[in-house]
Structure formats: structure tokens, C-alpha cells
2 protein chains.
Amino acid sequence: MAGGVGSRFWPASRESRPKQFLDILGVGQSLIQMTFDRAKLLVPVENILIATNGKYKSLVQEHLPEVLENRILLEPSRNNTAPCIAYATLKIQALNNDGVFAVLPSDHVILKEQEFVSKMNQAFDFAESKEALLTLGLAPSRPDTGYGYIEIEGSKQEGVNKVKQFKEKPDLETAKTYVESGNYLWNAGIFIWSAKSVINAFNKNAPQIIETLSADLAKLNTPEEQSYIDKVYPNTESISVDYALMEKSDNVFTIPAEIGWSDLGTWNSLHVYLEKDETGNVLQGDFLSLENTNNCLIRLPEGKKAVVKGLKDMILVLEDDVLLLYPKEDEQEIKSVRNKITDTAIL
Amino acid sequence: MAGGVGSRFWPASRESRPKQFLDILGVGQSLIQMTFDRAKLLVPVENILIATNGKYKSLVQEHLPEVLENRILLEPSRNNTAPCIAYATLKIQALNNDGVFAVLPSDHVILKEQEFVSKMNQAFDFAESKEALLTLGLAPSRPDTGYGYIEIEGSKQEGVNKVKQFKEKPDLETAKTYVESGNYLWNAGIFIWSAKSVINAFNKNAPQIIETLSADLAKLNTPEEQSYIDKVYPNTESISVDYALMEKSDNVFTIPAEIGWSDLGTWNSLHVYLEKDETGNVLQGDFLSLENTNNCLIRLPEGKKAVVKGLKDMILVLEDDVLLLYPKEDEQEIKSVRNKITDTAIL
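All of these numbers come straight from a predicted model, not from anything done at the bench.

## Some remarks on the side chain of Asn251 of chain B
Residue and element names in this part refer to chain B.
Moving on, step 1. Along the polypeptide, Asn251 turns up in the loop between helix H9 (241-246) and strand E9 (252-257).
Moving on, step 2. Taking the relative accessible area as the measure of exposure, Asn251 reaches 17% and is therefore buried.
Moving on, step 3. Among the polar contacts made by the side chain of Asn251, one reaches the main-chain carbonyl oxygen of Glu131 at a distance of 3.1 Å.
Moving on, step 4. If we ignore the near neighbours within four places in the chain, the residues touching Asn251 are Glu131, Ala132, Leu133 and Lys162.

## Here's the deal with helix H6 (residues 195-205) of chain A
Moving on, step 1. Those residues of H6 of chain A lying buried are Ala195, Ser197, Val198, Ile199, Ala201 and Phe202 of chain A.
Moving on, step 2. In this fold, the buried residues of H6 of chain A make contact with helix H3 (81-95), strand E3 (100-103), strand E5 (133-138), strand E8 (184-194), helix H7 (207-213) and helix H9 (241-246) of chain A.

## A look at the sheet that holds strand E12 (residues 286-291) of chain B
Moving on, step 1. Taken together, six strands build an open sheet; the order of strands is E11(A)-E13(A)-E15(A)-E16(A)-E14(B)-E12(B) and the sheet is mixed. With one partner strand each, in any of the chains shown, strand E11 (282-284) of chain A together with E12 of chain B form the two edges of the open sheet. Pairwise comparison of adjacent strand axes, ignoring direction, gives a mean angle of 5° for this sheet.
Moving on, step 2. Looking at chain direction, strand E16 (residues 322-327) of chain A and strand E14 (residues 305-309) of chain B are connected through four bridges and run parallel. Across the sheet, Leu324 of chain A pairs through a bridge with Val307 of chain B, a residue of E14 of chain B.

## Re the pairing of strand E8 (residues 184-194) of chain B
Residue and element names in this part refer to chain B.
Moving on, step 1. With eleven of eleven residues buried, E8 lies mostly within the body of the structure.
Moving on, step 2. Pairing analysis gives four bridges linking strand E3 (residues 100-103) to E8, with the strands arranged antiparallel. Within the sheet, the bridge partner assigned to Val100 lies in E8 and is Ser194.
Moving on, step 3. Bridge analysis of strand E5 (residues 133-138) against E8 gives four bridges, and the strand direction is antiparallel. Bridging across to E8, Leu138 finds its partner in Trp186.
Moving on, step 4. Of the pairings in the sheet, the one linking strand E6 (residues 149-152) to E8 comprises three bridges and is antiparallel in character. In the strand pairing of E8, Glu151 is matched with Tyr184.

## With respect to the interface of chain A and chain B
Moving on, step 1. With 31 residues of chain A at the interface, the matching set in chain B holds 31 residues.
Moving on, step 2. Roughly 2,400 Å² of surface becomes buried between chain A and chain B when both sides are summed, with 64% attributable to carbon and sulfur atoms.
Moving on, step 3. Together, Val307, Lys309 and Leu323 of chain A form the three largest contributors to the area buried by chain A at its contact with chain B, with a combined 28%.
Moving on, step 4. Among the salt bridges present, the one from Lys305 of chain B reaches Asp343 of chain A, with a minimum N-O distance of 3.6 Å.
Moving on, step 5. Counting every contact that joins chain A to chain B gives 18 residue pairs in polar contact (both at pLDDT 80 or more).
Moving on, step 6. Going through the elements one at a time, strand E12 (286-291), strand E14 (305-309), strand E15 (314-319) and E16 of chain A are the ones with two or more residues in the side of chain A that touches chain B.
Moving on, step 7. In terms of residues, the side of chain A that touches chain B owes the most to one element, E16 of chain A, which gives six residues.

## Comments concerning the confidence of the model for chain A
Moving on, step 1. Scored by pLDDT, chain A comes out at a mean of 95, with 100% of its residues at no less than 70.
Moving on, step 2. Here the predicted complex carries an ipTM of 0.81, next to a pTM of 0.81.

## Some details on the pattern of salt bridges
Moving on, step 1. This model, assessed by the stated rule, comprises 47 salt bridges over all chains.
Moving on, step 2. Among the ionic pairs, Glu319 of chain B bridges to Arg299 of chain B, the shortest N-O distance being 3.7 Å. In this pair, Glu319 of chain B sits in strand E15 (residues 314-319) while Arg299 of chain B sits in strand E13 (residues 297-299), placing the two residues 20 residues apart along the sequence.
Moving on, step 3. Exposure remark for Arg299 of chain B: the relative accessible area of 9% places this residue in the buried category.
Moving on, step 4. Three or more residues joined by partner-sharing salt bridges are found here, namely Glu15, Lys55, Arg78 and Arg338 of chain A.

## Some details on the relation of the copies chain A and chain B
Moving on, step 1. Expressed as a screw transformation, the operator carrying chain A onto chain B has a rotation angle of 179° and an axial translation of 0.0 Å, and the superposed copies differ by an RMSD of 0.1 Å. The symmetry that links the two subunits is that of a two-fold axis. Identified as the residue of chain A closest to the rotation axis by C-alpha distance is Leu311 of chain A, at 4.3 Å.
Moving on, step 2. Here 100% of the contact residues of chain A are again contact residues in chain B; the copies associate through an equivalent surface.

## A short note on the sheet that holds strand E16 (residues 322-327) of chain B
Moving on, step 1. The six strands are arranged E12(A)-E14(A)-E16(B)-E15(B)-E13(B)-E11(B) in an open sheet whose pairing can be described as mixed. Either end of the sheet is taken by a strand with one partner, and the two such strands are E12 of chain A together with strand E11 (282-284) of chain B. Geometrically, the sheet is characterised by an average inter-axis angle of 5° between neighbouring strands, direction not taken into account.
Moving on, step 2. Here six bridges tie E15 of chain B to E16 of chain B, and the two strands are oriented antiparallel to one another.

## With respect to the packing of H3 of chain A against H6 of chain A
Residues and elements named next belong to chain A.
Moving on, step 1. It is at 9 Å that the axes of H3 and H6 come closest, and there the two elements cross at 135°. By the angle class used here, H3 and H6 are oblique. When the axes of H3 and H6 are compared, the crossing they make is left-handed. Taking contact as the criterion, the partners of Ala82, Ile85, Ala86, Thr89, Leu90 and Gln93 in H3 are, on H6, Ala195, Lys196, Val198, Ile199 and Phe202.
Moving on, step 2. Per-class residue counts for the contact of H3 with H6 are eight nonpolar, two polar and one charged.

## Observations concerning the environment of Val45 of chain A
All names here are of chain A.
Moving on, step 1. You can see Val45 is positioned in the loop between helix H1 (31-40) and strand E1 (50-53).
Moving on, step 2. C-alpha separation for the pair Val45 and Val67, spaced 22 residues apart in sequence, amounts to 7.2 Å.
Moving on, step 3. Discounting chain neighbours no more than four positions away, the residues touching Val45 are Phe36, Lys40 and Glu66.

## Things to note about the packing of aromatic side chains
Residues and elements named next belong to chain A.
Moving on, step 1. One pass over the full model with this rule turns up 22 aromatic pairs over all chains.
Moving on, step 2. Between Tyr87 and Tyr233 the ring centres are 6.2 Å apart and the planes differ by 65°, which places this aromatic pair in the edge-to-face class. With a gap of 146 residues between them, Tyr87 in helix H3 and Tyr233 in the loop between helix H8 (225-232) and H9 connect regions that are remote in the sequence.
Moving on, step 3. Among the residues examined, Tyr87 registers a relative accessible area of 1% and is labelled buried.
Moving on, step 4. Cluster of aromatic residues (ring-pair linked, three or more members): Phe101, Phe191 and Trp193.
Moving on, step 5. The ring of Phe116 carries the charged tip of Arg38 above its face, separated from the ring centre by 6.0 Å.

## Thoughts on the environment of Glu69 of chain B
Residues and elements named next belong to chain B.
Moving on, step 1. With respect to the secondary-structure elements, Glu69 resides in the loop between helix H2 (57-63) and strand E2 (72-75).
Moving on, step 2. In this structure Glu69 comes out as partly exposed when scored by relative accessible area, which is 48%.
Moving on, step 3. The spatial distance from the C-alpha of Glu69 to the C-alpha of Gly26 is 28 Å, given a sequence separation of 43 residues.
Moving on, step 4. Filtering out sequence-adjacent residues up to four positions away, Glu69 remains in contact with Lys57 and Gln61.
Moving on, step 5. For Glu69, the side chain forms a polar contact with the side chain of Lys57, separated by 2.5 Å.

Procedures and definitions
Residues numbered from 1 in each chain as written. Chains lettered and ligands numbered in written order. Predicted model: local features only at pLDDT ≥ 70, side-chain atom pairs only at ≥ 80, totals over all residues. Heavy atoms only, no water. Helix = DSSP H or I, 4+ residues; strand = E, 2+ residues; numbered from the N terminus. Buried < 20%, exposed > 50% of the residue type's maximum accessible area, 1.4 Å probe, protein only. Polar contact = N/O pair within 3.5 Å; in protein donor to acceptor, adjacent residues only side chain to side chain. Contact = heavy atoms within 4.5 Å. Pairing = 2+ DSSP bridges. Axes fitted to C-alpha atoms, helices over the stretch in contact; angles between N-to-C directions. Buried area = accessible area lost by both parts, 1.4 Å probe. Salt bridge = Lys/Arg side-chain N within 4 Å of Asp/Glu carboxyl O. pLDDT = per-residue confidence, 0-100. Least-squares fit on C-alpha atoms with pLDDT ≥ 70 in both. Parallel < 35°, antiparallel > 145°, perpendicular 65-115°, else oblique. Left-handed = near helix turned anticlockwise from the far one by under 90°. Nonpolar A, V, L, I, M, F, W, Y, C, P; charged D, E, K, R; others polar. Phe/Tyr/Trp six-rings, centres within 6.5 Å; stacked < 30°, edge-to-face > 60°. Lys NZ or Arg CZ within 6 Å of the ring centre and 35° of its normal.

Okay, here's the thing in C-alpha cells:
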């Protein structure tokens, strides 16, 4: 899934070049490239589908030259994750009625690849054998209010756990009780399931979506697929898969996974995730001089050099035509500052 | 005089495009253009000579298209102000043995043009009538330790005053006594004198310079001038005119002038000089959002837009490939930060 905008990472992330297409870690690879490389550890390249917004087709091709054009699913409208997953599911099922597949967000990071592969292979085995909606669940390291939580039925165990309930983003007090209980995991949006299980879940809990997309299934995997999708997709209900399926189904399972995951949702989470220097700074770029500067995240584009003194607890991002200088503690405001901007050229 | 580097205005001011060629006030004109326009209020365009470093010839021509090529004096080396003035003086004297002229730094600002013109005309009258080294003296508004001071003989009066002594940059305590006494003026480097007076002063106090440049005076104002100057100029003693002449001569005079002058020596002086918003900020550029930001000087190049929150008492300058973010109170360090940079491309 590579259709998001990543507006909390503005001004690095733009409508025209969202977060998944950025080298947000400063490692020489975009997040989607790293996600693709991880997917290749699980399945052959030709089995990897990229679902993205129509306008990012050429970005996907640029970042993932290995992907064939007919493996790129282009959404003609932003209808959240449920229609996107339904479309992919129908396309996969048309290719293989017994298909089993995973859904991977393209803009997250996972440090422990071997552990990821091991858990995913466990997950594929389970998903092949059972009609189930399976997720990887991440052990929460803090009472984060920015994630949905997965409550396990009974007490947590290695391998597959039955899920009691999906929980929406909690308030801080509730999040604390979740973390303390040990029976809650973060929902990272990584799903593993058979096409049949997904179709059945849609038919039961979000039938409008699957019906709308099923008007003429014979069009899928033909030259007419795109014009067909362009016509029907915008009519699907805009809803997240969590809300459409996961919270309503009773065959939900999770595999706890400690895989060094971060969704890198915001500049702060990047600051938390990356290694800091001895004064707590995360520095991306070329610094001529840096003095008396602590706990900052500073990101400069290539070719820019900085002299910085006396900056504390700030986010400083210079990106193309925009300079962002913002207190770290107020970073949740960045999305709304961005949304107030009327100059669409810089969004 | 337009040969300086303006290193305290880095990173806006660069070796390749020093301060005098910048629109440092954000008014649509460079400092040299404004200085040139002021000079035109005093003399015909063809009587204006521009003395600059050889490498700035094309910049001068770009900023001052009215100036004829043979009115641009190109210094082949940086030998401070005394050789520069000696060269100009010899060239003027060769054109007119009775010539009277003014020396104007090209990188200062003067707000009160009418007062400037009035004082300069007084000064020209005096300089024509007397063998004297005359300056404009600025009433000090604060005990600044960054300027030289002019001590008046007797008590200060309107019009021409005899100068007792030129004083080098004082320490703060001394500067305070100067300001309190009322008999000290700032030396702004604006001189008015006859060519004869200057030659005589050089012959008396800095003969090496005038002798070196006088090896073959017939070359001046001919096509061979530049190759001649290129040969002899680098051999002159590198010394300021204040030190070479003004501190040693006994025929020094000054006219006190309240002309809204600033040498704009540093970012702070620009902040002091320019009008501030209600929270003490001087803002040059396009701001998408500015919150909780006080007493800052922020300068963005055209085409860049900024979101800034939570910045206090800072200088923030983005210029081409360099970002400077520095506490206002530490701005005197900027010159040495710049001087430590080994990447000559950004100096």
C-alpha cells in the first residue's frame, strides 16, 4: 500500500512526493524501496503488487524499476484502505482462487528483517490453513495514543493468538492500562490472509465495497482493468480496513512480533527512532558548525550546509522551497499548519 | 570604494558577491546602487569612479550599467584602503590637478539624503579652499566598540571642526566616556579632500604607497593603466587610510552630520536599523506561518517559504546553499565561524 500523503512529515513529504518515496532515514533508499526489498524476502518479485494513487504511478516505476506495469494498482480516488485492499484481493483471487497474501504499508520501517521473515512465514502457514484475518502485533514500548491496539483473548503467547478486540486510538490513561496489562499489541496495519477470507469478511461486514468493485470482475487482469477501476472505484465507501473488517470480524488473529518496527508517523517518531549524538540531536545533512544545540532533529537537503548555534528541542527541516522550524513538543500542529496553506505548489 | 568582502554578513555576503552587491535592506536595490544614486546627487555620473577588486568588475557593471568601463578602478590585490585611495587620487589628479573629491564606502546606508547632500556640499566648499583632510563625523548613538572615533578640538560646533585626534576602536568603558563627552564622533570612512591634499599627506606619512604607484604616472587614463596597476599595486603597503593618514596628519577636520547613517556592519546592526514588527522581528521573505517568535532577524531568499515557531533572539539567514541559525548575542562569532570554513565554494 503506497497511496498515502504523509502530511505529518511535511515539508519533506509532499502531495507530489509523499513520505514513502523519501529517503527519510538518510540511508540512500526510500521507504518504499526498503519495503519492497523486505517483500522480496517473502515472495517472488512478480507476486508483489503495489497499490497506489493514480498520480504516483511514475514515482513507483522510478523507485521500483523491477515492478511490471500490470503489478501496479492505481486508485483513481482516495477511499482509505478498505477499498484498496478489496481491489487487490479481487485481482489476486482472479489470478489464483486459493491465493494467500500479505498487506504491507510502504512507509514503515522494520529493523529486524530476519525476525520479520520468520513471523511472516508463520503467518502465511496459518493463513493458508484457516479462514482467518491475521495481523502482526507489535509489543508496545510506550503508551502511544497514535496507534490502534489489538487486545488478545486470554494471555499472550508465542505464535498465533486469537484476538478479542481491535481498539481504536485510546486516550493516554487507557493506553497506559493497555501497556501495563501486557495483553495489548500495536496494530501496524500488516495483514496476512487468503483472498477467500478477505472476500468473505467484506461480504459480511462491508458488502457495498466488494459489490461495487465486482460489477464486472472479468475486466481484472485485462487491458480494460484500469478504465473499469476508474469507473467503479470512486463509488466505494471510503473507510479503513480496521473499521470495515477488523473491528467487526470474529475470526481475527495476531502474531506478536518484535521486529524493530516504527511507522515513522511524525518528525518526533523519526527523532525517537534514529540514533542520536551525545547531545540528543539527529542530524541529516552537512553541518559546517554546530554548537550548543540539543535534542533537535535537523534535516538538510543535499548541497545545503548549515551553521547552527543555540537551538533546543526543535525540528528544523529545509526541503526544496520550504523551511520548517518548529518546537518538537508542538509537532502535532504541523499537520494543521500544512493544511491551512493555500499555496498548493508547496503541499 | 567597493572592494570589501563583508564577511560579517556571511552567508548572504560571499567572496563572489559581497555585501555591497546585495539588497541587504530588501528594498529592491543593492547597497552599491543606493550609494551610486547618492553620489549622483553630488556630481555628474562621469565623475564617479568605482574602486573595487578586479574580480568584481562584472558585478559592478551589472549593478551600475551607467558607469563607463574606464571609471572602474580594478585593484589586483587586497591592500586595504590607503593604496586604493592613493590610486584613485593619482588618477583624479592626472585628469585635473585641482580636483576635489569624496570617498564613499559603497556598503553603508544613509537615510537622510537631503542632509547628506547639504553636508557634502559644505565639505566640498571647505576642501576646495583649504589643504585639509576632511571627514563627515557621525554623532554616536551608543558606545559602540566597533567603530573608530574622531575627537574634536575644542567643543563641537556646526559645520567644520578641527580634529584633535583619530581614535582606534575603543573598549566599552572608553567608548562610554567618548559618548558622554559629546566631543567624539564616529568615523564613517567618508572623506572629502583635494587630490593635492591627499598626495601631500601620503608623501608625508605613507610615502611608500605613493612612490610605488607613481613609477610611471603617464600610464594612468590610458589603455595601459590596468596592466601598469596590476604590476605596481600589489607592491604597496597594505594599510588602512585611517592608520596611514588620518591618525598622523595635523590638518584633519570633520563636519558633524546627522544623516541616518549605518554601516550595516553586522546582522545585528541590520536588525537595529530596520523597522521591526510588534514582536521585535525583522522579517525578509515569505512566511507561511510565524508564531511565538521574537526579536529575530529572518532573511529568506526569493522563492523560499517558511513556517517558524518558538524562535527567540536569533538570526536566521538562508542564502543559496547555506543556512545560518545563530543567537543574536553571539553574532560577533559569525566572522570567525566563516573564517574556519575550508570549503571555499561557500565563502
